[in-house]
Every structure is written in structure tokens, then in C-alpha cells.
Amino acid sequence: MGAPRILIVDDERNIRLTLKAVLDAIGLEADAVFQGEEALQKLAEKTYAVMILDLRLPGMDGLTVLRRAAERLSETKVIIITAYGTVEAVVEAMKLGAVDFLQKPFEPTEVREIVGRVLAISEGGPTAFTYENYLDLARKSIAEKKFSAAFVYAHKAIFINQHRPEAF
């Protein structure tokens, strides 16, 4: 089996090229598509370890792609790409099964960190997407003054276990 395959779905050419270059540099194979319909076609043709999915796409938006691809995504972990101000949509995407998100603008180091964390889970590594992990990510985001990100991670923790008070 070769390197894990990544599917990049973003309508911005520069974002696709940047993500592909970052992933190529760490030895990962990446396919990049422009819109949701193309993403569904690729998911039908190949198996991907990770899909990096923009929420705002022409035609079919990222949430619709996520809903329609749910049955095909049992092995594919989804990382959402979002711009500032779309916290509610990220929370909805994570309820639909997305495991993490990248907020635009992002740095190559953030991409490597998130993809590495997600691939570790895909390959049977430590389960990072637990209540405790999302709570830790929320705390880290607060320390970095990334309050929108902290809000999303806290919501994901609450979604996993609404009976624990820490995330509230």
C-alpha cells in the first residue's frame, strides 16, 4: 500500500495548489478538485484517507457534499476548510462527521499538524478525537486567542458528551 491519499476540495486555485504542495512535501498523494460534484465523483472512484473540504463551493456546498458522501466516508476522515465567521457551519459539519477544521488563512505547519493527527487515527494510532482531546484543543485555541476555533472545539466536545460540564 502506498502513501495515504488525500482529496482536496476547494474552489480557490491558490488554496488547492498550496495544500497540494504542502502534502507533496510530506510524501502524501493528493488529488484536488474545484467543486462538490467533482468530489463525489472522486470519492466514488478512489479511496481517500482524508478529505480536506471547503464549506463554500460553487453549486453544491461543503455541507451538502458531506451529507451526500456520508456512506462513502466510513474510512475517510474529513477536515473542513473555513473562513472566519462561519463557526455555526463548522459545528454543523462536525456533527455530520468532520473530525477537524482549518481556518483560513492557514499556515503550512497547521496543515501538516492537522493532517498528521487525522492520519494517525486513520492508521490505528491513538484516538485523538475524544471529548478530552477536543477540550484540550479548545483550551489551546483560547491560549492562542483563536476564540472562534475554541468555540467549535468546545461544541464538538459537547456533542460527544453533553453530560460533562467542562466544555460548557
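The text that follows walks through the structure, step by step, so that each part is easy to find. (Residues numbered from 1 in each chain as written. Predicted model: local features only at pLDDT ≥ 70, side-chain atom pairs only at ≥ 80, totals over all residues. Heavy atoms only, no water.)

## Quick look at the overall build of the protein
Threshold: Each helix corresponds to a stretch of at least 4 residues labelled H or I by DSSP, and each strand to a stretch of at least 2 residues labelled E; elements are numbered beginning at the N terminus. With C-alpha atoms as the basis for the radius of gyration, the globule rule is written as 2.2 Å multiplied by the number of residues raised to the power 0.38. The cut-offs for exposure are 20% and 50% of the maximum accessible area for each residue type, with area from a 1.4 Å probe on protein chains only; residues under the lower value are buried, those over the upper are exposed, and the others partly exposed.
The number of helices and strands found in the protein is seven helices and five strands. Counting from the amino terminus, helix and strand elements in the protein follow one another as β-α-β-α-β-α-β-α-β-α-α-α. Since a compact globule built from 168 residues should have a radius of gyration of about 15 Å, the 15 Å found for the protein is in line with a globular shape. The C-alpha extent of the protein, read off along each of the three principal axes, is 45 × 35 × 30 Å. Out of the 168 residues belonging to the protein, those deemed buried represent 47%.

## As for unusual backbone geometry
Of note, the amide linkage connecting Lys-104 to Pro-105 takes the cis form, showing an omega dihedral of -10°. Inspection of the secondary structure assignment puts Pro-105 in the loop between β5 (100-103) and α5 (108-122). The backbone phi angle of Lys-145 is positive, close to 60°, even though this residue is not glycine. Following the sequence through the fold, Lys-145 ends up in the loop between α6 (131-143) and α7 (147-160).

## Topic: helix α1 (residues 13-25)
We apply this condition: By this rule the span expected of a helix is its residue count minus one, scaled by 1.5 Å. Working note: the arc is built from the helix axis to C-beta atom directions.
For α1, built from 13 residues, the straight-helix expectation of 18 Å at 1.5 Å per residue is met to within 8% by its first-to-last C-alpha distance of 18 Å. Residues of α1 that are buried include every one of Ile-15, Arg-16, Leu-19, Val-22 and Leu-23, and no others. Summarising the axial view, the buried residues of α1 lie within an arc of 135°, below the 170-degree limit, and thus occupy one face. In α1, the exposed positions angled more than 90 degrees off the buried face are occupied by Arg-13, Asn-14 and Ala-25. Once α1 ends, the next one or two residues include Gly-27, with phi positive near 80°.

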